[in-house]
Amino acid sequence: ETGVTQSPTHLIKTRGQQVTLRCSSQSGHNTVSWYQQALGQGPQFIFQYYREEENGRGNFPPRFSGLQFPNYSSELNVNALELDDSALYLCASSLAQGAGGETQYFGPGTRLLVL
Amino acid sequence: QKEVEQNSGPLSVPEGAIASLNCTYSDRGSQSFFWYRQYSGKSPELIMFIYSNGDKEDGRFTAQLNKASQYVSLLIRDSQPSDSATYLCAAADYNQGGKLIFGQGTELSVKP
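### Concerning a nonpolar patch on the surface
Residue and element names in this part refer to chain A.
Right, on to step 1. Together, Ile12, Leu113 and Leu115 make up an exposed nonpolar region whose accessible area comes to about 310 Å².
Right, on to step 2. Along the chain, the position of leucine 115 falls in the segment after strand S11 (110-114).
Right, on to step 3. We classify leucine 115 as exposed; its relative accessible area is 56%.

### So, the state of the cysteines
Right, on to step 1. Per the stated rule, a full pass over the model turns up 2 disulfides over all chains.
Right, on to step 2. Put simply, Cys23(A) and Cys91(A) are joined by a disulfide, and their sulfur atoms are 1.7 Å apart. Between Cys23(A) and Cys91(A), the S-S torsion sits near -50°, and that sign places the bridge as left-handed. Here Cys91(A) lies in strand S9 (residues 87-94) and Cys23(A) lies in strand S3 (residues 19-24), a separation of 68 residues in the sequence. For the pair Cys23(A) and Cys91(A), one class covers both residues: buried.
Right, on to step 3. The disulfide partner of Cys23(B) is Cys89(B), and the gap between their sulfur atoms is 2.1 Å. Judged by the torsion about the S-S bond (-70°), the Cys23(B)/Cys89(B) disulfide is left-handed. Taken together, the positions of Cys23(B) in strand S3 (residues 19-25) and Cys89(B) in strand S9 (residues 85-93) put the pair 66 residues apart, joining distant regions of the chain.
Right, on to step 4. Take Cys23(B): its relative accessible area is 2%, and that puts it in the buried class.

### Quick notes on the sheet that holds S3(B)
All names here are of chain B.
Right, on to step 1. Across the sheet, 5 strands lie side by side as S1-S3-S8-S7-S6; this open sheet has antiparallel pairing. For this open sheet the edge positions go to strand S1 (4-5) and strand S6 (54-58), each flanked by a neighbour on one side alone.
Right, on to step 2. The pairing of strand S7 (residues 61-66) with strand S8 (residues 71-76) spans 6 bridges and is classified as antiparallel. Bridge pairing links glutamine 64 to serine 73 in S8.

### Some words on the pairing of S9(B)
One face of the sheet, then the other: side chains in a regular strand alternate in exactly this way.
All names here are of chain B.
Right, on to step 1. The buried count for S9 comes to 8 of 9 residues, which makes it a mostly enclosed element.
Right, on to step 2. Note that strand S4 (residues 33-38) and S9 share 6 bridges and pair antiparallel. Across the sheet, residue phenylalanine 34 finds its bridge partner in S9, namely alanine 90.
Right, on to step 3. Bridge count for S9 against strand S11 (residues 106-111) is 3 bridges, and the pairing is antiparallel. Each residue of the ladder has a partner; that of threonine 86, found in S11, is glutamate 107.
Right, on to step 4. Here 4 bridges tie S9 to strand S10 (residues 99-102), and the two strands are oriented antiparallel to one another. Paired with alanine 91 across the bridge in S10 is isoleucine 101.
Right, on to step 5. If you look at the hairpin formed by S9 and S10, you'll find 5 residues sitting between the two strands, and glycine 97 has a positive phi there, around 60°.

Scoring rules and cut-offs
Residues numbered from 1 in each chain as written. Chains lettered and ligands numbered in written order. Predicted model: local features only at pLDDT ≥ 70, side-chain atom pairs only at ≥ 80, totals over all residues. Heavy atoms only, no water. Patch = residues over 30% accessible without salt bridge, like charges linked within 9 Å, V, L, I, M, F, W, Y side chains within 5 Å. Areas by Shrake-Rupley, 256 points an atom, 1.4 Å probe, with all protein chains shown as cover. Salt bridge = Lys/Arg side-chain N within 4 Å of Asp/Glu carboxyl O. Helix = DSSP H or I, 4+ residues; strand = E, 2+ residues; numbered from the N terminus. Buried < 20%, exposed > 50% of the residue type's maximum accessible area, 1.4 Å probe, protein only. Disulfide = S-S within 2.5 Å. Pairing = 2+ DSSP bridges.

Below is the structure:
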């Protein structure tokens, strides 16, 4: 167990709806990264939050947005859901020490199905 | 486009054999590399990381890094059926806060 938790574990939504996924980072970690993993693919970076600020973003549209709270927990929000958003959403926490490349530990993920 | 490439497999080895998993990366600026194991329906679990050229051993696992060839590998000695999983190779992108760029993963099957 990594100490990273995510909720909910599973979610079913319909196209056009909005969804909020939550992540609690490992104790002592200050950075949260979000990834999307489609079936049979490696995880794709969505964005990273460090000290409540977005610290890098992957090739995802603006309808993917996020937040990080003072306790370093984080939310991923997706608006106007599309069928292709169906995937496993992974949160990873790490302790940023300025150099980058710190080890990231993954939570159990949220499996989203968009119908 | 920075990329990490892996053979998707499946790679099948008999129990007790050495499994060799390979990965290449395109960004010469990458400095940190990670191997994760992912069981079906589960999230990635860190096996080990490597920063320096050469070998790094941890129990039955050995990671190898060759920066000149932009090549990373993972050897699993004395493979067990419980090692059957998808193995993900990732490179850290220092220009984007250390985000991880993943390969598509190699499926390993260890036959009893």
